[in-house]
Amino acid sequence: MYTLYHSPSSASMAPHLLLRELGVPHELVLTSTDAGDHRRPEYLRLNPHARVPTLVDGDTVIYEATAIGLYLCERHPEGGFAPPIESPFRGDFLKWMVYLTNTVQAELMLYFYPERYVPEAQTAALEATVVDRVAGMFARIDAHLADRPYLLGDRISAADLYLFMVSRWTRNTTKKARDLPHLGALLARVMARPGVQEAYAIEGIVEPYY
Ligand SMILES: N[C@@H](CCC(=O)N[C@@H](CS)C(=O)NCC(=O)O)C(=O)O
């Protein structure tokens, strides 16, 4: 049985969606970043970096949302959320998983926590810069999706769930991922999936959904 330490609408969303879509047994432990649960000693013993999510699988403790996603895909290949190692799509899959966390998500952290990087007088300017730069990333993803429904082509993968999560994080900005035609269509397709709807109900997410 997996245990996912999660905080609603945070970086734990992609692993949560994947667990639901794979249909594997798991329990959730609410670790609210708003309430500071991620800084409590019992959580820091699992994840000393004080970040959410963390997945526990027996004696294995994994943090980093992408690592959790790759781990779950490898443990449940029958779920079909990652192309197998011998697939011609494997390289693309790894590329998107890493790009989305290492480039898109990393940049969005500057938007969500600008005060960690610059003095208060400069936070609005930093936020605006990040919104512009991330919009450029999503525009290139939108162009990639012009002739395919999902990042890898016809079949959904864990990378699309990750894309859904980071796209959602633009919903309160002036440049929303959902307003891009092809990306917006992908987000609607992902939102319609039963596992995603279950996860949203459990996390108590209200509109705008993405
Ligand atoms: N690279 C990490 C980032 C995790 C992360 O920054 N999570 C945020 C929530 S979206 C968090 O825990 N924030 C609390 C904090 O930074 O104090 C991952 O993908 O798991």
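Above this text you will find the structure in question.
This report concerns the structure included in the present document. Source: prediction; values computed, not measured.

**Section: the site of the ligand**
Then, number 1: In the vicinity of the ligand there are 15 residues, among which R51, V52, E64, Y113 and R116 approach most closely.
Then, number 2: The protein chains hide 90% of the 510 Å² of surface that the ligand would expose on its own.
Then, number 3: When its residues are assigned to classes, the shell around the ligand shows seven nonpolar, four polar and four charged.
Then, number 4: Two domains each provide a minimum of three residues to the shell around the ligand, namely domain 1 (2-81 + 198-203) and domain 2 (90-193).

**Overview of the nonpolar core**
Then, number 1: In terms of nonpolar packing, the biggest core is built from 58 residues, with L55, F138, L163, F164 and V166 touching the most fellow members.
Then, number 2: Only β1 (2-6), α1 (13-22), α3 (65-75), α4 (90-112), α5 (123-144), α6 (158-168), α7 (181-191) and α8 (194-203) provide two or more residues apiece to this core.
Then, number 3: Each of domain 1 (2-81 + 198-203) and domain 2 (90-193) gives at least three residues to this core.
Then, number 4: If sequence neighbours within four positions are ignored, L55 has contacts with Y2, T3, L4, L19, T60, V61, I62, I68, Y71 and L72.

**Topic: the pairing of strand β2 (residues 26-30)**
Then, number 1: As paired strands, β1 and β2 are joined by five bridges and run parallel to one another. Pairing of L4 across the sheet is with L28, part of β2.
Then, number 2: Between the parallel elements β1 and β2, the chain passes through α1 in a crossover that is right-handed.

**Describing the packing of aromatic side chains**
Then, number 1: The final tally for this structure, using the stated rule, is seven aromatic pairs.
Then, number 2: Relative to F112, the ring of Y111 has its centre 5.0 Å away and its plane inclined at 80°; by these criteria the two rings are edge-to-face.
Then, number 3: What makes Y111 buried here is its relative accessible area of 16%.
Then, number 4: For F112, a relative accessible area of 35% corresponds to the partly exposed category.
Then, number 5: Aromatic pair Y200 and Y209: ring centres 5.6 Å apart, planes at 75°, arrangement edge-to-face.
Then, number 6: Overall, Y209 belongs to the partly exposed group, its relative accessible area being 31%.
Then, number 7: Grouped by ring-pair contacts, the aromatic residues F164, Y200, Y209 and Y210 constitute a single cluster.
Then, number 8: Its guanidinium or amino end placed over the ring of Y113, R116 lies 3.8 Å from that ring's centre, counting from NZ or CZ.
Then, number 9: Sitting over the ring of Y150, R189 keeps its end group 5.5 Å from the ring centre.

**Describing the environment of T66**
Then, number 1: Within the secondary structure, T66 is located in helix α3.
Then, number 2: Owing to a relative accessible area of 9%, T66 belongs among the buried residues under this scheme.
Then, number 3: Between the alpha carbons of T66 and P84 there is a distance of 17 Å; along the sequence they are 18 residues apart.
Then, number 4: With sequence-adjacent residues up to four places away left out, T66 is seen in contact with M97, T101 and Y162.

**What to know about the pattern of salt bridges**
Then, number 1: Per the stated rule, a full pass over the model turns up nine salt bridges.
Then, number 2: When the shortest N-O distance is used, the salt bridge between E21 and R193 registers 2.8 Å. A residue pair is termed long-range when its members are at least 10 positions apart, and E21 in helix α1 and R193 in the loop between α7 and α8 qualify at 172 residues.
Then, number 3: Residue R193 is classed as partly exposed on the basis of its relative accessible area, which comes to 22%.
Then, number 4: The partner of R90 in a salt bridge is E74, and the shortest N-O contact between them spans 3.7 Å. Note that R90 is positioned in helix α4 and E74 in helix α3, a separation of 16 residues in sequence.
Then, number 5: A residue is classified by how much of its surface remains accessible, and E74, at 55% relative accessible area, is exposed.

Quick notes on the rules
Residues numbered from 1 in each chain as written. Predicted model: local features only at pLDDT ≥ 70, side-chain atom pairs only at ≥ 80, totals over all residues. Heavy atoms only, no water. Near = heavy atom within 4 Å. Areas by Shrake-Rupley, 256 points an atom, 1.4 Å probe, with all protein chains shown as cover. Nonpolar A, V, L, I, M, F, W, Y, C, P; charged D, E, K, R; others polar. Domains from an automatic or database assignment. Core = buried A, V, L, I, M, F, W, Y, C linked by side-chain atoms within 4.5 Å. Buried < 20%, exposed > 50% of the residue type's maximum accessible area, 1.4 Å probe, protein only. Helix = DSSP H or I, 4+ residues; strand = E, 2+ residues; numbered from the N terminus. Contact = heavy atoms within 4.5 Å. Pairing = 2+ DSSP bridges. Right-handed = clockwise from strand over helix to strand, strands pointing away. Phe/Tyr/Trp six-rings, centres within 6.5 Å; stacked < 30°, edge-to-face > 60°. Lys NZ or Arg CZ within 6 Å of the ring centre and 35° of its normal. Salt bridge = Lys/Arg side-chain N within 4 Å of Asp/Glu carboxyl O.

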